[in-house]
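Okay, here's what each chain looks like letter by letter:
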Amino acid sequence: MPLYHTDDQSLLRDTARDFVAEHAPVSHLRSLRDANDTTGFSRDLWREFATLGFTGILIPEAQGGLGLGHVEAGIVLEEIGRNLSPSPFLTTAIAAVEALKGTAQADRWFPGILAGKAVAALAIDEGRKHNARITLKAERAGNGYRLTGSKQFVHHGHAADLLLVAAQTDAGTALFAVPASATGLTADPERLADSSIAARLTFDGVQVDADAVIGEGDAALTRLLAAARTGASAELVGVGGATLDMTIGYLKQRKQFGAVIGSFQALQHRAAHLYSELEVARAAVLKAQQLLDTGENAAQAVALAKAMTGLATTLAVQEGIQMHGGIGMTDEYDLGFYMKRARVLAELFGDTNFHADALAQAAGY
Amino acid sequence: MSDLDQFRQETRTWLEENCPPTMRTPMRSEKDATWGGRNPEYAHPDQKLWLDRMAERGWTVPDWPTQYGGGGLTPGETKILREELARIRARNPLNSFGISMLGPALLKYATEEQKLEHLPKIARGEIRWCQGYSEPNAGSDLAGLQTSAEDAGDHFIVNGQKVWTSYADKADWIFCLVRTDKSSKQGGISFVLFDMASEGVSIKPILLISGNSPFCETFFDNVKVPKANLVGELNKGWDVAKYLLGHEREMISGMGLGAGSDPLLDAARKGADPLLRAQIALFQVRSQAFKAMSERFIDELKAGHAHPAQPSMMKYYGTELNKTRHELLMAAGGSDALEWESERSHGGAAARTWLRTKANSIEGGTSEIQLNIIAKRILDLPS
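If you're wondering where the values come from, they're calculated on a predicted model, not measured in any experiment.

Asker: What am I meant to see in the domain arrangement of chain B here?
Answerer: When the parts of a complex come together, some accessible area is lost, and that lost area is often used as the size of the interface. Residues and elements named next belong to chain B. Domains assigned within chain B are domain 1 (3-103), domain 2 (129-235) and domain 3 (239-378). Centre-to-centre, using C-alpha coordinates, domain 2 lies 28 Å away from domain 3. On the domain 3 side, the residues contacting the 14 residues of domain 2 number 13 residues. Where domain 2 abuts domain 3, roughly 1000 Å² becomes buried across the two surfaces, and 69% of that area is made up of carbon and sulfur atoms. In this structure, the connection of domain 2 to domain 3 is made through zero salt bridges. Between the two partners, domain 2 and domain 3, sit three residue pairs in polar contact (both at pLDDT 80 or more). Tallied by class, the residues present in the side of domain 2 that touches domain 3 amount to nine nonpolar, five polar and no charged.

Asker: Would you take a moment to explain the UniProt feature "domain: Acyl-CoA dehydrogenase/oxidase C-terminal" (unreviewed entry) in chain A for this structure?
Answerer: According to UniProt, the feature "domain: Acyl-CoA dehydrogenase/oxidase C-terminal" (unreviewed entry) maps to residues 217-362 of chain A in the numbering used here. Taken end to end, residues 217-362 of chain A is 79% helix and 3% strand, and its two terminal C-alpha atoms sit 19 Å from one another.

Asker: I keep staring at the packing of aromatic side chains and nothing clicks. Help me out?
Answerer: The geometry of an aromatic ring pair is captured by two quantities: the separation of the ring centres and the angle between the planes. What the rule picks out here adds up to 20 aromatic pairs over all chains. Considering the side-chain rings of Tyr133(B) and Phe175(B), the 6.4 Å spacing of their centres and the 85° angle between planes classify their relative orientation as edge-to-face. Here Phe175(B) lies in strand E4 (residues 173-179) and Tyr133(B) lies in the loop between strand E1 (129-132) and strand E2 (148-152), a separation of 42 residues in the sequence. Like Tyr133(B), the residue Phe175(B) is buried in the burial classification. Ring geometry for Phe290(B) versus Tyr317(B): centroids 5.5 Å apart, planes at 20°, classification stacked. One end of the pair, Phe290(B), is in helix H8 (residues 274-303); the other, Tyr317(B), is in helix H9 (residues 310-333), and 27 residues separate them in sequence. As far as burial versus exposure is concerned, Phe290(B) and Tyr317(B) are alike and both buried. Each residue in the set Phe19(A), Trp46(A), Phe49(A), Phe54(A) and Phe89(A) is aromatic and connected to the rest through ring pairs, giving one cluster. Between Lys108(B) and the ring centre of Tyr109(B), over which it is positioned, the NZ or CZ distance is 5.7 Å. The aromatic ring of Phe156(B) is capped on one face by Lys227(B), whose charged end is 5.7 Å from the ring centroid.

Asker: What should I look at first to understand the domain arrangement of chain A in this one?
Answerer: All names here are of chain A. The domain boundaries assigned to chain A delineate domain 1 (7-118), domain 2 (122-216) and domain 3 (219-362). Using C-alpha coordinates to define each centre, domain 1 is positioned 22 Å away from domain 2. Around 1500 Å² of area is buried between domain 1 and domain 2 when both sides are counted, 64% of it from carbon and sulfur atoms. Sorting the residues of domain 1 by area buried against domain 2 places Thr91, Gln105 and Trp109 first, and these three jointly supply 29% of that buried surface. Linking domain 1 with domain 2 are zero salt bridges, by the criterion used here. In this structure, the connection of domain 1 to domain 2 is made through seven residue pairs in polar contact (both at pLDDT 80 or more). Listed by contribution, the elements that provide at least two residues to the side of domain 1 that touches domain 2 are helix H2 (26-34), helix H5 (89-100) and helix H6 (106-114).

Rules used in this analysis
- Residues numbered from 1 in each chain as written.
- Chains lettered and ligands numbered in written order.
- Predicted model: local features only at pLDDT ≥ 70, side-chain atom pairs only at ≥ 80, totals over all residues.
- Heavy atoms only, no water.
- Domains from an automatic or database assignment.
- Contact = heavy atoms within 4.5 Å.
- Buried area = accessible area lost by both parts, 1.4 Å probe.
- Salt bridge = Lys/Arg side-chain N within 4 Å of Asp/Glu carboxyl O.
- Polar contact = N/O pair within 3.5 Å; in protein donor to acceptor, adjacent residues only side chain to side chain.
- Nonpolar A, V, L, I, M, F, W, Y, C, P; charged D, E, K, R; others polar.
- UniProt positions renumbered as here; feature names shortened; annotations may be inferred.
- Helix = DSSP H or I, 4+ residues; strand = E, 2+ residues; numbered from the N terminus.
- Phe/Tyr/Trp six-rings, centres within 6.5 Å; stacked < 30°, edge-to-face > 60°.
- Buried < 20%, exposed > 50% of the residue type's maximum accessible area, 1.4 Å probe, protein only.
- Lys NZ or Arg CZ within 6 Å of the ring centre and 35° of its normal.

If you want it as structure tokens, here you go:
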């Protein structure tokens, strides 16, 4: 399969680009923040996503979705990244759908997701850094399980209808689909640097039925994380790409010493280097998406995509502010939002160091 | 089974039967590379066997048309062949500036007669080519070149000097930029081909910091070049030169990929301190991502989607990676990697290669020139 977008995929990108830029540009994020919004995203916008079919992008056609793949999902995510659109799209339509697909819980949750009503959140992390060790305990109780422990960095955790929870049973890791209404579950929402809201969750003996288990062993969690990491990588490409575009635009317009600063070689070289890093990152992401879609072993490609986009987009936002100068430091200018989102996405589902280490271990060192 | 799946099966079977086991082992030093030419050097007889078998099928240049010695493969088939060769870690059957640089330029700009004359010999590795581009006063500012070609009826008389001519001392023919009009800088350059055995050609290898002499000074003293050897139009050689440079940059960027089994990973597996391990791991992120970028670039190129200046990005990124790779290899190798002559070190292969890579970001246009090109032609930044 050639490593570029097909004509259909390019068409989807045009649709997604127009839609997201019109309905959820950076000013949308800014207005939510300025209104001290406590949901973290707009439910109206989520329903609009559903109208276009985006919430069902990964849901099989037989179940009412678009039946598309991770390449297509990534196209939408890149536009979300370009516009910093607050949305539960990544956690719900990508990660949760991927985890629920083919399980008994799919029938219960897919209709709500397709309608743009249901929102899902991912309760994975337990410490300040993403880690493979899961300690939240799931003990056999009655005809189901009782969950005890805590989670953090759970985007939309306070607003979600469904929580996908990684837990430790006697038999090993398992993934649970827990309705947010379950007794004993408390969510403390915290605003993060990028104005998104992530919850700290406490599970105080939360009772769930046996059918809440949607996967046992590492496989289910791995599948969910592969989708989530690849999605976050695509979003990072969008954040980095938009930052580069803004910066190039500024270099062509800002004048000093009687010339546009984009004519200065010192800045041209920085911009050209940044462009190169972002192109390389983009290729790594597309590779991971294609491998996920063809069902080949994508583990290393996914780790690579997340590690590389972390490097490239972190560079993009730093160079973006430096090349903008003082204006880039002001709240009034959008660039700061890009820097903040890049930091959050770089941390999400494992940062560059985490994935570089995973790749090193896979390569035997 | 689709046609491509069938092609993969057949290719795999053929390679299994025809690629000698010795040609699936990593090259120990530059001496193991096959370059062909009138006076070929083979460190192992299987090199010739492997070259001949591949050339027979046109697979030294799989995507060239068959009438020019190529395999006539589609982009999809070429990609599969490349993947299958990589799968068995096969050595390159033929290293050749004729394949990677001159061939594409001839395919685009040469007359049918010139193509039929030169391309099949390139494909079979019968003629080894060198590149006459840089001059003592024309490096990054290549179009400032002064080597002249004067009109003498049915031929040109070439006078001047080239420098950094890779393997000029081993090459049979040269593709050379010459000045045919002094009144216009870029518009006074022509692209000619001639035999290095011609009267008036002399060569002086340059001893480099690696202790090797891959580059030469090349002098032309009244060299007669038939006009039939002009490629493209008179004074339009700069177009050919730039087109060829794109391919040269593509080839050099390939160095960023490493080849066969990765010696850096082998070194890391033997045990590296935590800081070096971390540096290698982060390097591998860029290196592996660049591999995906190369795949994307080639796919886009074949489909005609690639930006014409994209080879500059590939060249810049690939060569900077390669320099870093060899810094890390030296750090991992410690004092073993410092041995310069011993048999154990294959004659100082690690250290000499490390030093050789320092030229990667200079030759074929420096990194800074590539960044200029990216800035102006891709990012559209003003002069």
